[in-house]
Amino acid sequence: MDDVMNESHATAPQLQGRKSKYVVYDWAMNLKTQAFYCDNEGQTLMFGEVYSTFSATRLIRLVPPGQRDRVKRAFQTALMTGEDCYLHCCLVTPTSLFTFVEIYMYKADEHHLKGTISPCLVISNAQEASEIFYGIFENQHHGVVVTDSDTRILACNHYFEKMTGYLRNELVGLKTNIFNSSSHDDEHYRALWESLGSKGYWSGVLLSRHAQGKVFPQSLTIQKIGLGSGEDYYIGLSTDLSSDLDRLEDTQSGGVDILTQLPTSDHFLAQLTKRCKATDRDNTLLVLAIQPRFASKGTNEQKKRFAAYLKEKTSALFSGYMDSGRFLACLPVVVEHPEQRVRDIAKTLTTFFHCFKHATKDIHEVLKTGLLGVSIYGVDAETPNRLVSHACQAILELHSGENRRIAFYDRSIHLQIERKKRLEAHVQKSMLNKNVEVYFQPIVSVKQQCVEKFEALCRFPPLESEPATTQDYIQVAEDMGKIFELDNLVCGMALEQFKALQKRFGDTLQLSVNRSLNTDVGIADVLKHTALALDDAGLSPDCLNIEFTESAFLDNSDNSQQLIQTLRDAGVKIAVDDFGSGCASFHYLTKSFFDVLKIDRQFISGLEKGTREYHIVHTLVHLAHQLNLDVVAEGVETESELALLTELGVDYIQGYLFAKPESTTQIVAHEHYCQWPKTAPSAPEQTLMKLVSKNSHHLDPGDPLSLAHQYFNVSHGDYLAVVDNKKCVGVLSRSTMHLHMTPTMGTDLETSKEKNYWHKSVNRMMAPGGTVLDWHTPVKEVHRLVTQGTPLPWILTDELGVFKGLVEMATVLSFCVED
Ligand code: C2E
Ligand code: MG
Ligand code: MG
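Residues numbered from 1 in each chain as written. Chains lettered and ligands numbered in written order. Predicted model: local features only at pLDDT ≥ 70, side-chain atom pairs only at ≥ 80, totals over all residues. Heavy atoms only, no water.

Naming follows an unreviewed UniProt entry, where the protein appears as Diguanylate cyclase of Vibrio variabilis.

Caption draft 1: Structural context of unusual backbone geometry. Each neighbour pair has its own omega, and for Leu 792 with Pro 793 the value is -5°, a cis peptide bond. Positive phi, close to 55°, is recorded for Ser 182, a residue that is not glycine. Looking at the element boundaries, Ser 182 is found in the loop between α7 (168-171) and α8 (186-199). Here Asp 578, not a glycine, exhibits a phi torsion of approximately 50°, which is positive. Position of Asp 578 relative to the elements: it lies in strand β24 (residues 573-579). (Helix = DSSP H or I, 4+ residues; strand = E, 2+ residues; numbered from the N terminus.)

Caption draft 2: Structural detail: the site of ligand 1. In the vicinity of ligand 1, 24 residues are found, and the nearest of them are Glu 455, Arg 459, Asp 487, Asp 577 and Glu 637. One nitrogen or oxygen atom from the side chain of Asn 514 is found 3.0 Å from an oxygen atom belonging to ligand 1. Those elements that place two or more of their residues in the shell around ligand 1 are β21 (450-459), α16 (470-479), α17 (483-505) and β24. Here the shell around ligand 1 takes four residues from β21, the largest share from any one element. Within the shell around ligand 1, the residues separate by chemical class into seven nonpolar, eight polar and nine charged. (Near = heavy atom within 4 Å. Polar contact = N/O pair within 3.5 Å; in protein donor to acceptor, adjacent residues only side chain to side chain. Nonpolar A, V, L, I, M, F, W, Y, C, P; charged D, E, K, R; others polar.)

Caption draft 3: Structural context of α16. Three or more residues of α16 are buried, namely Tyr 473, Ile 474, Gln 475, Val 476, Ala 477 and Glu 478. A positive backbone phi angle near 75° is found at Gly 481, which sits one or two residues after α16. (Buried < 20%, exposed > 50% of the residue type's maximum accessible area, 1.4 Å probe, protein only.)

Caption draft 4: Expanded view of the coordination of the magnesium ion (ligand 3). Around the magnesium ion (ligand 3), the donor atoms from the protein are Asp 577 (OD), Asp 578 (OD), Glu 634 (OE) and Glu 634 (OE), and they sit 1.9 to 2.6 Å away. Along the chain, the residues donating to the magnesium ion (ligand 3) fall in the pattern D-D-x55-E. (Donors = N, O, S within 2.8 Å, 3.2 Å for Na, K, Ca; no water.)

Caption draft 5: Structural detail: the pairing of strand β29 (residues 719-724). Two strands pair when backbone bridges link them, and strand β28 (residues 698-699) and β29 are joined in this way by two bridges, in the parallel orientation. Following the sheet pairing, Leu 699 is matched in β29 by Val 722. Once the chain exits β28 it traverses helix α25 (residues 705-714) before rejoining the sheet at β29, and the crossover so formed is right-handed. With six bridges connecting them, β29 and strand β30 (residues 727-733) associate as antiparallel partners. Bridged to Leu 720 within β30 is Leu 732. Linking β29 to β30, which pair antiparallel, is a turn of two residues; within it Asn 725 sits at a positive phi near 55°. (Pairing = 2+ DSSP bridges. Right-handed = clockwise from strand over helix to strand, strands pointing away.)

Caption draft 6: Representation of the sheet that holds strand β33 (residues 803-807) in the model. With respect to topology, three strands assemble into an open sheet ordered β31-β32-β33, the strand pairing being mixed. The strands lining the two open edges of the sheet, one partner per strand, are β31 (771-774) and β33. The sheet shows a mean angle of 30° between the axes of neighbouring strands, direction not considered. With four bridges joining them, strand β32 (residues 794-797) and β33 adopt antiparallel strand pairing. Opposite Thr 797, over in β33, you have Phe 803 as the bridge partner. (Axes fitted to C-alpha atoms, helices over the stretch in contact; angles between N-to-C directions.)

Caption draft 7: Looking closely at helix α13 (residues 361-368). If you check which residues of α13 are buried, you get Ile 363, His 364, Val 366 and Leu 367. For α13, the angular spread of the buried residues around the axis is 160°, confining them to a single face. Where α13 is buried, its residues touch β15 (284-291), α11 (299-313), α12 (341-355) and β18 (371-376). (Arc of directions from axis to C-beta. Contact = heavy atoms within 4.5 Å.)

Caption draft 8: How the structure looks around the coordination of the magnesium ion (ligand 2). Taken together, the protein donors to the magnesium ion (ligand 2) comprise Glu 455 (OE), Asn 514 (OD1), Glu 547 (OE) and Asp 577 (OD), at separations of 2.0 to 2.2 Å. Counting gaps between the donor residues of the magnesium ion (ligand 2) yields the pattern E-x58-N-x32-E-x29-D. A spacing of 3.9 Å is found between the magnesium ion (ligand 2) and the magnesium ion (ligand 3), which share Asp 577 as a donor. Taken together, the residues span a long stretch of sequence, with Glu 547 in strand β23 (residues 544-548) and Asp 577 in strand β24 at a distance of 30 residues. Look at Asp 577 and you get buried, because its relative accessible area is 3%.

Caption draft 9: Geometry of the side chain of His 210. Along the chain, His 210 turns up in the loop between β9 (201-209) and β10 (215-226). For His 210, the side chain forms a polar contact with the main-chain nitrogen of Gln 212, separated by 3.0 Å. Other than its neighbours up to four places away in sequence, His 210 contacts Lys 162, Met 163, Thr 164, Gly 165 and Phe 216.

Caption draft 10: A look at the environment of Val 24. Considering the arrangement of structural elements, one finds Val 24 in the loop between α1 (2-7) and β1 (25-30). Note on Val 24: relative accessible area 24%, which makes it partly exposed. Spatially, the C-alpha atom of Val 24 lies 9.8 Å from that of Gly 115, the residues being 91 residues apart in sequence.

Caption draft 11: Quick peek at the packing of aromatic side chains. All told, the structure shown has 25 aromatic pairs when counted by the stated rule. Summarising the aromatic geometry, the rings of Tyr 166 and Phe 179 are spaced 5.8 Å apart at their centres and angled 70° between planes, so their arrangement reads as edge-to-face. On the criterion of sequence distance, the pair formed by Tyr 166 in the loop between α6 (158-164) and α7 and Phe 179 in the loop between α7 and α8 is long-range, its members being 13 residues apart. Here the two residues Tyr 166 and Phe 179 agree in accessibility, since each one is buried. Summarising the aromatic geometry, the rings of Phe 658 and Trp 676 are spaced 5.7 Å apart at their centres and angled 40° between planes, so their arrangement reads as tilted. Of this pair, Phe 658 sits in the loop between β27 (652-654) and α24 (664-669) while Trp 676 is found in the loop between α24 and β28, placing the two residues 18 residues apart along the sequence. When sorted by exposure, Phe 658 lands in the same class as Trp 676, which is buried. (Phe/Tyr/Trp six-rings, centres within 6.5 Å; stacked < 30°, edge-to-face > 60°.)

Take a look at the structure:
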């Protein structure tokens, strides 16, 4: 023993007291005999008494069972590798409750292991132990939570309560997964459990859920404690990092950036891949790379708030964080205008920016002054990877010192969006300065061959550098949410200027105004404002037509129906504009909202007999007439179109053939404005319709004799048609009426029998009489018809048998004489 001790490299310092921290005892072990040697002081510490020798087993028995394996392993390592080892463990000694010691060892030679043992902490009794335990457990800077092997919480300290927002008694018995914030990926949790299993601990940063729902970052160490009895415990030691933002910057853990709590770019990409797969060809996605301009002070705090806003309060489907203050967002593009993708893309971005209007001022500002790169799925990128890299590249383009803040990877989209912005600025400025004009285009009645209405069309001052159509400006105003305001402005101006047109074209002239329903303002307000403008102008409701381009917005609600009906009852006509251009559908015609159907120019341009367009117009005219709607053909440019449309029974013609839209001053200055072309063949005046007396009345079968009497009094004709459901079911002649009348009828002297006759319905007196003829029959046929003795009156109908007018003997005779 002495030999061995003499070889010891360490010398035992003088023991100053059992609790001294710096005491070191030498020991040696004979590997052959397993005999253990230690100086007396050391032995007294360990065993409470001094032995001449003792075995290594005896020493090991002092170690609590849960720590024994570790001690044995250290001895083995020192033996096998020849390396110096040291470890800490507790020794349950007879002289104290337990002592926490450091054991150092090395292989001295083939037969000996040597080392030192140094008591770090001697816990004398249970009272002392409990004080120390309490001091550690209830410390002020770390949360401590103890769970069983099932992770059910057994105890926690006050710091932990504060950090998690739960009270200890609420937590006891619950599993720790109640703190799971679902921020990290599954792999993260798998790695945690694997480390606990293999190493007995895990350490890292975790996002956890607070009792009130918010997610907070904590630095956490979980330690597994095996008691040797087979029972395991876990101890969690944590620190709340919520206010330690600088420490969190660009720290990623389990697929999440801890500071922003957003998915890392890899995880963003994984979500994007799923989303791309689910996106069909008709819709698309935008990926934005966003580099907000954070204030230099408090950047991390702003970054965190920006991220929270981006994630929770915007139209982004999902978002992510790359690094160095760059964010990613994925926006779905709702395709409303497949033929104008740029419009939908611009709308998607506008909506995204609008979302930030409700953020605190500084968050809104960092976005507004920051940079944004945009990539579009299916346009400039076909894969999720490309989407992200293109969005980032687009941002880089913005560093060239320009004023721009948004860049699209796709150059042509970029240019279109830039143009849109310039148009928006022009619309905004023109409206603000009321620098918008109204032009009028005539709508010509086929029957009367003269202007019966004018359509009011707005005109913006031309932008020299940026040619644009009125349709472009209207779209921009709609997208900016300014169309209601613009329509009110145009409607007011149009009604005012219309008076000059009425002066020139007569009081029965009508005005047709366009009202867009592509606005957040409901139809009720649109109608109300139009009616108010009409009132202000002091014009009769009979004068006004309202054209709705977006009939898709005319809902079925009782309220809209009632409002429309009220206006129609007052005399206002409602027109469905651009019918067939995609917005309107047949469904709406069945709603009886409308009085006028305007067939879109695409069916009219270059109209030829027998073409698809011809059949469509033919069908539309029939359908409209069945539903009691007047038909306007839009965009008529040639006489041959006019001829065909007249033949097809269209009621009104609008187009450059008659006049382009012009200002009232220009219109009034024309001497022969808008003449019906002399050469136009088969105009209705060349048909038998020419002989139908204007303003003639007809009767319903149930109308009384008294009404027939009234009608005959105001007309020169000898016949009245009796019309049921648009078909002529008979005629009542003046002489037949007289047969049923007496001189006292309708006077105070009438008998009750006479009274009955007076109220007798006309279907009991009418005769089938007359001849039914096609209303297209050319007027020059009259001579032939007369020579053939075709019985009069002639009842004119269209192909569907709809009654069009009555031609009487007197008119035929005077025509023959004049001709
Ligand atoms: P719209 O209501 O269908 O008006 C007819 C459009 O066709 C006008 O275009 C007119 O100039 C054009 N047009 C008429 N006849 C012909 C023709 O023979 N050939 C050709 N090529 N074009 C013809 P404009 O004035 O450019 O207006 C375009 C559209 O913008 C209008 O179509 C209407 O939907 C809308 N719009 C115009 N002004 C207003 C307004 O004040 N409010 C609203 N909400 N929309 C308006
Ligand atoms: Mg229109
Ligand atoms: Mg139109």
